[in-house]
Amino acid sequence: MLVFLARRFTFFVLALIASSILIFSLIRIAGGNVAAVMLGKAARPEAIDELMAELGLDRPLPVQYLDWVGGMLRGDLGTSFRTGESVTALLVDRLPVSVPLALGGMALALLVALPIGTYAATKAGSPIGTFVAMASQVGIAVPVFWAGVLLSLFFGVRLGWLPTGGWTPWSTSVSGAVQSLILPVTALGMVMAATLSRYTRTSVLDVMNEDYVRTARASGMTRGGALMRVGLRNASLPLVTVVGLLAAELIGGTVIIEEVFSLPGLARMILSSVSAREVIVVQSAVMVIVAFVMVVNLIVDVLYGVLDPRVRVAR
Amino acid sequence: MIRQQARRMGRGAIGATLGGVLLLFIAACGAGGDPSDTPDESTGGAAPTSDRAAENKLVLIALQDPGTLDYVSNNLTALILWLPGNVVEPLISFNGDGEPEPGVAESWEISEDQTTYTFTLRETNFSNGEPVTAADVVYSLTTMQESPIATYAAPYEAVASIEATDERTVTVQLSRPSQSFFRGMGGMSALIQPEASAGTIATDPIGTGPYVLDEYVTDSRLTFSINPEYWGEMPSLEEVEVRIIPDGTAALNALRAGEADAFPVITIDLWERLTTEGYGDDFNLITYPQGGEMLYVTFNTTQAPYEDVELRRALAASFDRQQFIDAFNAPWGATATCGYGLENTPWYTEESADTCPAPFDVEAAAADLQAAGYAGEALEFTSLSDVADLSLPADLLIAQLQGVGVEVERNALDLARYAQVIFQGRPPQFGVTVMSDPAPITQFACPDESQMGWTTYCSPEMTDLMNQADAAQSVEEYEALMNQASDVLKEDAVIVPLLAKSGVGLWHPDLQGWQEPQILVDIQFANLHW
Amino acid sequence: MSTAADGMITAGELAGRGPDPAGARRGRRRGQVNTGLVVGLVMTVTFLAIAALSLVWTPADPNAVAPADRLLPFGSPGHLIGTDALGRDIASALMIGARTSIVVAAGAALLGLVLGTVAGLTAASARPFVDETVMRGADILLSIPGVVFALVLAATVGAGVGSTVFALSVFFTPSFTRVVRAAALRVLGEDYVAAAQLYGRNRLFILARHVLPNIFSVLIVQFTLYFAVGILTEAGLSYLGVGVNRPDISWGMLLKEAQETVGVASPLAIWPGLAIVFAVLGLNLLGDGLRDVLDPRLRKRAS
C-alpha cells in the first residue's frame, strides 16, 4: 500500500511539472502580446518594445518559465500585467463563483442521474426505461449554451423568477448569490446529468448481470433488493472513476455557462485573459485547474486502492 | 412477439422524447418573443417603472470589460465610456457648439501669438480629499504627453514646456501655434489625476469628477457613487452600476427582465433586434452621432499591389454603402458617407455616398480592374474575428469585392494577433482591412516613412496640410485646411470611409437628462435623473 | 463542454482499470437494440448524404449577400428554408455546415483515433515502463480541460477549421488511447494470442493479425461517438467565438450569428440547433447500436 501511494504521488509531481511546461509553451507560442492589446491601435511603435521590456516579456523563454515556476513554488502566482493585481487575489475573487457553480452542477447531475440511471436500468426494455434512455440521448445532443439561453429566456425573461444573468456577490447578499447561481447550475447540471445517467444505467446493467447479483437473486432477494444490497456498491466503483474524469469536463462546461450567464468566474477570467494575452494569468489559472483535476484523480486512485485490493497489486 | 412489442415501444419513446424537446423549445421561444406576434404586454407601452427609480440608483449594461482602468496607457472604448467626465475630468471642456468651458481650470489666458497658455486652476479637491495642485496638473499633462497612445500624445507635439508658475497656475509654452493643443485640453489628453495615486490608476483611478469609482470587479461590474468633494452642482443619481454582460442576447434579456435601466452603447449586430423585438417601444432608443464611430476600409500602400492608386480607386468603387444600411435594417443607426468627420468634428462638412470620388459602380469598377490588369487579382482581407461590429461589415465587403472580379482570401485574427500584425507591424503586414474608431483624421498623418503605420498615409501633401492647419491662427483657417487635407486622403483612396455609425443606446423612458458624449464616447451620469 | 466527456465509453474502459462493464447492453432485449441502430443509421445516412450532396450542389452560394432578399421566411421560392440577415441562403449554409461538421468533427475523431490507436497498442504491448509513460501522458492531457485547451490553441494558431480540428484531436487522443489499450489488453490475454506467442510470432504480427481486427468494432463505435462529441464541442467553441469563421460555415457559427442578429427565438436560430441535435442524436444512437451488434463478446454470449 505504501509503495502504491509513493508511486502514485511521484507521478502526481511529475505530471504537474509536465503540464506546467505544456501550458507555458502553449500560451507563449500564441501570436500577439499583451502590450499590443494594451496599447491598441493608436500605439507609438517604440512604446510596445518599452512596455514589453517593462513587463519582463523580452527575456528568454526559459528564464520566464523558471521565474514563473519559482514564483508558484513560493506561493506567488504572479500579477496581472494590466492592473498589477496578484493572480492569487483574482482567483480569490473568482472561486466563490466557479466552485459553487461546478460543485452545484456536479451535485445536481449526480442527484438526477443516479436514481434515473438506476431506475432506467432496472426497467430496461419497458417504455419508461426506454423513454429515460432516449431522454438522456436527446439531452446529450443539445448544445449546453442553447440549454442555458433557453432557461434564461423562460425563467428569467418570461416568468421573471430568477435573474437572467449577472452576479450578486456572497458578501452583498447570500440569497442573491444563490439566485444568480440557480439557472447556471441547472443548465450545467442537466446537460451533465444526461451524460451521467447513461453511465449509471450502463454500469448498473452490467452489475445486474454479474454472478453475485444473480446469486443474490437466486437466494430469494427481489431484483431491486439484490441491486441495492450488492449491486450498487459494485457499480459505484466505475462511477467514482467517471466522476473523477468528469471533473475536467465539468470545468470545461463552466467556461460556456459562465459566458452565457455573465458570471465573473474562473473560466471567464481565462477566456478574457487569453484574448488579452495576459499570459501569467492564463498560465497560473489553468495550472490551478489542472492541479485541482490531478488532485481529484489522485484521490480517486487512492480510493480505488482502498476499495479494490486488486488495483494495489496490479500496479 | 415480445421482441416486436419492445421495438414498437422503443419507437414511441423516441417520438415522445423528441416531441418533448420541441415543446420545451417552443415554450421558451414564446418567452423571448417576437412581440409583433404577441401584442400583449410589450407593445402596450413603455417599460414599467424601474425598481431603482425610488432609490435614485441606476443600472447600466456594458458589453465589454475594460480589464484595466489605466486610461493613460490604454485606449479601450470599454474604459473611455465610463471614466472621463464621470471620475476624471479634463482641464477644460468643449460644449456642443464647440465653445470652451471651465473644467479643472477655472480660467485660462492665451497669449497674442498663441504660443503661451496660462491655466488658472479651480480651488477644489480630488475625490480622496487631497487638494488639486499645480504640481498634479503638470504631472497629469506630462504623463499624457508621454502616453504610449499616439493620439493622446499628439496634442503635445508643439509643446515646449509645461510648468507650475504658482500653486494654482500652470503655464504651457508652445514652439508654434497649435490648434490641436487647445482642443486636446478638453479631451483624453488632459485628464487630471493626483500624482500621489498614480500607482493605483489601473484599479482605482482618482479624479475631480462628479462621481467616484467605488468598486471595479473585473468581468462583473463597475460601481460609482457621488463624489462629496465635487466642485459643481451635485448630481441627482446617488449610485450608478455598470454591469458587464458580454453576451448580446443576455444583455437584452437583462434589460427586458427589468434588471437594468439602460444599455447605452449597442453594437450593430444587435441593432435589428431593437426594433423587431420591440425594445424601441419599451425604451427610448437614442442615437447620437457624437458617440459614433467611422467605419472605413484601409489599403496597405506599402504592399503590392495596393500602392497603385488606380487599383485602390477601382476597388473603392465596389463598395456599396447602401447595402450596409439595408443589411443592418436600422437606417436610424448609420449613414453612408465619404467624409472623414463625424458631426462633432469642427471641420465637419456634410457628405454622402454621392460625394465619393469613386462612387459605387460595379460595371465601372470591374472594367477599370480589367483595364489595369487586375481582373482575378488575389487580395488578402484581414479581419477581426472576435468583434461582431467588424465581422459583419467584413462579410459584406468581401462579397462586394468578389462581385467586381477579384479573389479575396480572408484572414481572420483575434484582437491580440490583429493588434500585433496590423497596428504594430512596421511596415504593417496586411492587404485590406476594415476598422472603426472615433479618432480624428490627424491619426492618419505620417511625419516620415519610417513611422508608416497601419492607417497612416505618407503623403507629404496631406501631412503638410495637416501641419499647416494645426499651426493656423484662426479656427476658420484651421477648418479650411483640414478640409483640404481630407480631400487629399479621399482622392487617393487609401482610407476609404464607408459609414458614419451613430452611438445607439436604449434608455428607460423615465430617465431624464441624457447628454451627448463630450470626450470621445463618454457616457456622463451627472445630468441624469429619474 | 461537459458533454465532451461522453462517448459512452464505459467507465472501466475509460479508466483502463477496475471491473470492465463494456458491452453494456447485455441486459437489453434484441428488439430495442435494432430500433436504436436503425433510427441512428437512417439519421446518420441522411446527414452524410446531405453533406455529400453539398459537394456537388447547393441551392445557392451560402456566402452571397443580397440585402434585398434578407430574412425571407421558410418556404420562400428559391430559398427553401429562407435567408439570414444578409440575405444568404440558409438551406445552402446548413448543407455546407454538415460538410464542415464532418471535416471538423470526423476529421478530429479520425486523427484522434489513429494517434490513440498507435499509442494505445504501444502501451498495451510494450514494456511496463513505456506503458506507464504513455498512459501517464494521456492522464496529463486529460487533466487540461478540453475547452480551455482549444481556446488557447485557437489563440495560438488562429481560429478556423484547421485549428479546431487540431484542438479537438489533441483532446480526443488520450481518451482513445485509454480505450484502445484496455481493449487490446483484453485481446492480448486471450488463449489464441498466447498460442501465437508460443508459435514465435513477433509483436507487430500479433498486433496486426490478432489485436487490430478484434478491437476494430471498439474503434468504429468510439469513432462514431466522438464524431458526435466533436460536433457539440465545435458548436461550443464557435459560440465562444474561437471556432469556425466565414467563408467556412459551421452549424455552431450559424447558431452564434443568428442568436446575435435576430435573437434566440427566431427560426433562424432554430435550424442550425436542430441540425446539431439531429446529427448528434443520430450518431449516438448509431454508436450505441453498433456497440451492441459488433461487440464480439456480446455475440459470444448470445450464441
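As the structure is a prediction and not an experimental result, all values here were calculated from the model.

1. Thoughts on helix H8 (residues 203-239) of chain C
Residues and elements named next belong to chain C.
Next up, step 1: If you check H8, its first and last C-alpha atoms are just 46 Å apart, much less than what 37 residues at 1.5 Å a residue would give, namely 54 Å.
Next up, step 2: Of all the bends in H8, the greatest, near 45°, is centred on Leu-212, and the proline Pro-213 appears no more than four residues after it.
Next up, step 3: With 26 of 37 residues buried, H8 is to be regarded as a mostly interior element.
Next up, step 4: Two residues or fewer past H8, Gly-241 is found with a positive phi of approximately 80°.

2. What to know about unusual backbone geometry
Next up, step 1: Pro305(B) follows Ala304(B) through a cis peptide bond whose omega is 0°.
Next up, step 2: Topologically, Pro305(B) is positioned in the loop between strand S12 (284-299) and helix H9 (309-316).
Next up, step 3: One non-glycine residue, Ser262(A), lies in positive phi territory at about 50°.
Next up, step 4: You can call Ser262(A) buried: its relative accessible area is 2%.
Next up, step 5: Of note, the phi angle at Asn56(B) is positive, near 60°, even though the residue is not glycine.
Next up, step 6: Along the chain, Asn56(B) falls in the loop between helix H1 (2-32) and strand S1 (57-62).

3. Side note on the pattern of salt bridges
Residue and element names in this part refer to chain C.
Next up, step 1: One pass over the full model with this rule turns up 21 salt bridges over all chains.
Next up, step 2: Glu-132 is the partner of Arg-136 in a salt bridge, and the nearest nitrogen-oxygen pair spans 3.8 Å. Within this pair, Arg-136 and its partner Glu-132 are both found in helix H4 (residues 128-143), separated by 4 residues, close to a single helical turn.
Next up, step 3: By relative accessible area, which is 12% here, Arg-136 ends up buried.

4. Details of the nonpolar core
Residues and elements named next belong to chain B.
Next up, step 1: Counting 193 residues, the largest nonpolar core has Leu-91 and Phe-224 as the members making the most contacts within it.
Next up, step 2: In this structure, this core is formed jointly by two domains, domain 1 (11-84 + 203-290 + 503-507) and domain 2 (92-200), each of which donates at least three residues.
Next up, step 3: Other than its neighbours up to four places away in sequence, Leu-91 contacts Pro-102, Gly-103, Val-104, Ala-105, Phe-119, Leu-121, Val-137, Leu-141, Met-185, Ala-190 and Ile-192.
Next up, step 4: In terms of nonpolar packing, the next biggest core, distinct from the first, is built from 93 residues, Ile-266, Leu-390, Ile-398 and Met-466 among them.

5. Considerations on the interface of chain A and chain B
Next up, step 1: Taken together, the contact pairs 51 residues of chain A with 58 residues of chain B.
Next up, step 2: Roughly 4,500 Å² of surface becomes buried between chain A and chain B when both sides are summed, with 61% attributable to carbon and sulfur atoms.
Next up, step 3: With a shortest N-O distance of 3.2 Å, Asp219(B) and Arg94(A) are connected by a salt bridge.
Next up, step 4: Taken together, chain A and chain B are joined by 5 residue pairs in polar contact (both at pLDDT 80 or more).
Next up, step 5: Take the side of chain A that touches chain B: its biggest share by element is 9 residues, from helix H7 (residues 144-158) of chain A.

What counts, and at which threshold
Residues numbered from 1 in each chain as written. Chains lettered and ligands numbered in written order. Predicted model: local features only at pLDDT ≥ 70, side-chain atom pairs only at ≥ 80, totals over all residues. Heavy atoms only, no water. Helix = DSSP H or I, 4+ residues; strand = E, 2+ residues; numbered from the N terminus. Expected span 1.5 Å × (residues − 1). Bend = angle between axes of the 7 residues up to and from the residue. Buried < 20%, exposed > 50% of the residue type's maximum accessible area, 1.4 Å probe, protein only. Salt bridge = Lys/Arg side-chain N within 4 Å of Asp/Glu carboxyl O. Core = buried A, V, L, I, M, F, W, Y, C linked by side-chain atoms within 4.5 Å. Domains from an automatic or database assignment. Contact = heavy atoms within 4.5 Å. Buried area = accessible area lost by both parts, 1.4 Å probe. Polar contact = N/O pair within 3.5 Å; in protein donor to acceptor, adjacent residues only side chain to side chain.

Bear in mind that shape data such as this cannot, by itself, settle questions of function.
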